Amino acid sequence: MDLIILNDGMYQLVPLTKQMMEHMSLVVNEIDLFDLCDIVKLKITTYSDSINAHVMNDGSGDLMGCIQN
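A short tour of the structure in this document, coming up.

Parameters and conventions
- Sequence order sets the numbering: in each chain, residues are counted from 1 along the sequence as written.
- Predicted model: local features are reported for residues with pLDDT of at least 70 only, side-chain atom pairs are reported and counted for 80 or more only, and whole-chain, interface and lining totals are derived from all residues.
- As a rule here, side-chain values come from all non-hydrogen atoms in the structure, and water together with hydrogens is ignored.
- Secondary structure elements are taken from DSSP: a helix is a run of H or I of four residues or more, a strand is a run of E of two residues or more, and numbering for both begins at the N terminus.
- Each residue is placed in one exposure class: buried if its accessible area under a 1.4 Å probe, protein chains only, is under 20% of its type's maximum, exposed if it is over 50%, and partly exposed if it falls in between.
- Any two residues whose heavy atoms approach within 4.5 Å are treated as being in contact.
- Here the Shrake-Rupley method, with its probe set to 1.4 Å, supplies the accessible areas, and only the displayed protein chains count as covering residues.
- Working definition of a nonpolar core: buried Ala, Val, Leu, Ile, Met, Phe, Trp, Tyr and Cys residues. They are joined through side-chain atoms within 4.5 Å.
- Salt bridge criterion: a side-chain nitrogen from Lys or Arg within 4 Å of a carboxyl oxygen from Asp or Glu.

Quick notes on the overall build of the protein chain
- A count of helices and strands for the protein chain gives one helix and five strands.
- Taken from the N to the C terminus, the helices and strands of the protein chain come in the order β-β-α-β-β-β.
- When the 69 residues of the protein chain are sorted by exposure, 28% land in the buried category.
- Intrachain contacts of the protein chain at a sequence separation of at least 6 include 43% that bridge at least 24 residues.
- In the form shown here, the protein chain has an accessible surface area of approximately 5,100 Å², with 53% of it arising from carbon and sulfur atoms.

See below:
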């Protein structure tokens, strides 16, 4: 799965790595792309009400969504 990140007007596809998910524990048998994207969004972003976007905690841009690779 890739994350769609908007940074300075340019969209980037960033692969979701094991390091990004190391502090997440998922106890489910089956999970789809949309559920996993929501979980990742909650863990690695902060919602900014002033710009109506999910800002990456590491400052790399705004999370726009996810795509299956």
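Read on for the rest.
As for the nonpolar core
- Met 1, Leu 3, Ile 5, Leu 16, Met 24, Leu 36, Cys 37, Val 40, Ile 44, Met 56, Leu 63 and Cys 66 form the largest nonpolar core, which has twelve residues in total.
- Per-element tally for this core: the top contributor is helix α1 (residues 33-44), with four residues.

Quick notes on the pattern of salt bridges
- Within the structure shown, the criterion is met by one salt bridge.
- Note that Lys 41 and Asp 38 form a salt bridge whose closest N and O atoms lie 3.4 Å from each other. You can see Lys 41 and its partner Asp 38 sitting in helix α1, three residues apart, about one turn around the helix.
- On the basis of relative accessible area, Lys 41 is assigned to the partly exposed category, the value being 23%.

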